[in-house]
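Per-entry structural report
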Amino acid sequence: MNRNVVLTMIAALAVLSGCDPFGTDDTSVYVTGTVWEDSSHTIPAEGVTLVVHGDSVNTFDYASNTNADGVFFIEVPVYPSAGEEGVGYTLPGFATMGLSAHFGSKMYVYADLKRTPFVIECGDTLTVWDTDIMTWTSGQ
C-alpha cells in the first residue's frame, strides 16, 4: 500500500514540476525579430506587418504586426499530415515556411517559401536578423 502511495506522489511531483512523462510533442514553431525605421537601427518601426507563408500541408499563413519597440513574435502551429498509405497521422518534426514584411508600398522578403524557405524544428524559436525599412524594395 505504501509503495503505491509513494509512486503516486512521485508521478504527481513530476507532472507538477513541468516534467512531461507521457512524451507529448511541441506542435508549434516561433518566429521573432526587430524592424527599424532607419539604417542606424535607432528608431523602432511600429505597425509593420509580418506574414509567415506556410506550406499549406503542415503550416498555414499567419500574420502579426510589430509593437512600439519594432519587435514581432509569431507562433505558427504545425499540423499533422496523413500517414503512409493514408493510415493515421504523423506530425513532422519541423516546419517549412517563408517570411515577408510589409509596410505601405515597401516590402522585404526574409525567406521565400519556394526558393529559400526557413526550416524550423518544432518547439524552436527562430530569431531573424534586424532589418530597416530604408533598405526595402517597393512592390507587391
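What this report covers is the structure whose coordinates are included nearby.

Procedures and definitions
- Residues numbered from 1 in each chain as written.
- Predicted model: local features only at pLDDT ≥ 70, side-chain atom pairs only at ≥ 80, totals over all residues.
- Heavy atoms only, no water.
- Helix = DSSP H or I, 4+ residues; strand = E, 2+ residues; numbered from the N terminus.
- Buried < 20%, exposed > 50% of the residue type's maximum accessible area, 1.4 Å probe, protein only.
- Contact = heavy atoms within 4.5 Å.
- Salt bridge = Lys/Arg side-chain N within 4 Å of Asp/Glu carboxyl O.
- Polar contact = N/O pair within 3.5 Å; in protein donor to acceptor, adjacent residues only side chain to side chain.
- Phe/Tyr/Trp six-rings, centres within 6.5 Å; stacked < 30°, edge-to-face > 60°.

Next up on the list: the environment of Val51. With respect to the helices and strands, Val51 occurs in strand E2 (residues 49–54). Since its relative accessible area comes to 17%, Val51 is described here as buried. Through-space distance from the C-alpha of Val51 to that of Asp61 is 6.9 Å; in sequence the pair is 10 residues apart. When neighbours within four sequence positions are excluded, Val51 is seen to be in contact with Tyr62, Ala63, Gly98, Leu99, Ser100 and His102.

A few words now on the pattern of salt bridges. A full pass over the atoms with the stated rule returns one salt bridge. For the salt bridge of Asp112 with Arg115, the shortest nitrogen-to-oxygen distance reads 3.5 Å.

Now for the environment of Tyr62. Residue position: Tyr62 is located in strand E3 (residues 62–65). C-alpha separation for the pair Tyr62 and Pro77, spaced 15 residues apart in sequence, amounts to 9.5 Å. Once you skip the residues sitting within four places of it in the chain, Tyr62 turns out to touch Leu50, Val51, Val52, Ile74, Glu75, Val76, Pro77 and Tyr79. Here the side chain of Tyr62 touches Tyr79 through a polar contact of 3.3 Å, side chain to side chain.

Before going further, it helps to examine the packing of aromatic side chains. Tallying each qualifying case throughout the model produces six aromatic pairs. Seen from their ring centres, Tyr30 and Phe73 are 5.8 Å apart, and the 20° between their planes marks the pair as stacked. With a gap of 43 residues between them, Tyr30 in strand E1 (residues 28–36) and Phe73 in strand E4 (residues 71–77) connect regions that are remote in the sequence. Between Tyr108 and Trp136, the ring centres sit 6.0 Å apart and the planes meet at 20°, which makes this aromatic pair stacked.

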